[in-house]
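Here are the chains, one letter per residue:
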Amino acid sequence: MRVVFIGPPGSGKGTQARKLEERLGIVYIGTGDMLREETRQRTELGQRVEPYLTRGDLVPDSLVNDIVAERLRRPDLPHRFVMDGYPRTVSQARSFDAVLHERKLELTAVINFLIDEEEVVRRLSGRQRADDSEQTVRQRMQIFRDTSRELLEHYRQKRLLYEVNAVDSEENVYQTVAKILQSAAGK
Ligand code: AMP
């Protein structure tokens, strides 16, 4: 079971990915977390990516692709994992496809979390993360709109794409996601 979650900031995909880990043991891999950790530890990579994170801009594909490829090539890569926040562009999706292929792994499903911008701003105004100011949220939302269309098309063509309405209770969204995964895994 290998899953990708796509959605704008505040769509709840991170929360749902963590719930999958808690309840089903599907290991959580989040590029936002990985990048924030590099920044916190002040590694060379962390210092390079920090300005992007602060502005709410996408970190250059090559940097994110490298850190994900390194993770996927490790021998302890879990058989079941959920990617939160990667890939975000078609170029990232291609790099991801290549590494999965190299490891003889296939994706089970890609889930797009549907939510509109005003709801996102409402939700995130209560969150305390450094990149959650309204201006940065709108910037991240704009980037999501610009990059996600092609990305979604990439996975639609591969017949991997599913959509969930993200404006519902956490539990209802979770149940919908779990059903999708069950049916996709049985195909
Ligand atoms: P997230 O926690 O997924 O909302 O990511 C927080 C920030 O990390 C984003 O606003 C980007 O600056 C950066 N980031 C995370 N994942 C990616 C990615 N796949 N590509 C580029 N930047 C990313």
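As a reminder, the structure under discussion sits directly above these lines.
Criteria and cut-off values
Residues numbered from 1 in each chain as written. Predicted model: local features only at pLDDT ≥ 70, side-chain atom pairs only at ≥ 80, totals over all residues. Heavy atoms only, no water. Axes fitted to C-alpha atoms, helices over the stretch in contact; angles between N-to-C directions. Helix = DSSP H or I, 4+ residues; strand = E, 2+ residues; numbered from the N terminus. Left-handed = near helix turned anticlockwise from the far one by under 90°. Contact = heavy atoms within 4.5 Å. Nonpolar A, V, L, I, M, F, W, Y, C, P; charged D, E, K, R; others polar. Near = heavy atom within 4 Å. Polar contact = N/O pair within 3.5 Å; in protein donor to acceptor, adjacent residues only side chain to side chain. Areas by Shrake-Rupley, 256 points an atom, 1.4 Å probe, with all protein chains shown as cover. Salt bridge = Lys/Arg side-chain N within 4 Å of Asp/Glu carboxyl O. Buried < 20%, exposed > 50% of the residue type's maximum accessible area, 1.4 Å probe, protein only. Phe/Tyr/Trp six-rings, centres within 6.5 Å; stacked < 30°, edge-to-face > 60°. Lys NZ or Arg CZ within 6 Å of the ring centre and 35° of its normal.

(A) Fine view of the packing of helix α2 (residues 31-40) against helix α3 (residues 44-55). In the contact formed by α2 and α3, the axes pass within 8 Å of each other and the chain directions differ by 120 degrees. Along this stretch, α2 crosses α3, giving a crossing that reads as left-handed. Contact with α2, carried on its side by Leu35, Arg36, Glu38 and Thr39, involves Leu45, Gly46, Val49, Glu50 and Leu53 of α3 and no other residues of that element. Taken together, the residues of the contact of α2 with α3 sort by class into 4 nonpolar, 2 polar and 3 charged.

(B) Structural context of the site of the ligand. In the vicinity of the ligand, 16 residues are found, and the nearest of them are Thr31, Asp57, Gly85, Arg88 and Gln92. At 2.6 Å, a backbone N or O of Asp57 approaches an oxygen atom of the ligand. In the environment of the ligand, a nitrogen atom lies 3.0 Å from a nitrogen or oxygen atom belonging to the backbone of Val59. Protein chains shield 96% of the accessible area of the ligand, which is 470 Å² for the free molecule. Secondary structure elements with two or more residues in the shell around the ligand: α2 and α3. Among the elements that line the shell around the ligand, the one with the most residues is α2, at 4 residues.

(C) Main features of the pattern of salt bridges. Taken as a whole and judged by the stated rule, the model has 19 salt bridges. Arg123 is paired through a salt bridge with Glu119; the nearest N and O atoms lie 3.2 Å apart. Of the two residues, Arg123 and Glu119 are both situated in helix α6 (residues 117-124); the distance of 4 residues between them amounts to about one turn of the helix. Classification of Arg123 as partly exposed rests on a relative accessible area of 29%. The class of Glu119 is buried, set by a relative accessible area of 17%. Taking the shortest distance from any N to any O, the salt bridge between Arg138 and Glu134 comes out at 3.0 Å.

(D) Expanded view of the packing of aromatic side chains. One pass over the full model with this rule turns up 2 aromatic pairs. Between Tyr86 and Phe96, the aromatic rings sit 5.4 Å apart at their centres with planes inclined by 85 degrees, giving edge-to-face as the arrangement. Placement of Tyr86 in the loop between β3 (81-84) and α5 (90-102) and of Phe96 in helix α5 is noted, with a sequence separation of 10 residues between them. Directly above the aromatic system of Tyr174 lies the positively charged group of Arg23, at a separation of 4.4 Å from the ring centroid.

Everything listed here is a matter of coordinates, which is why it stays silent on function.
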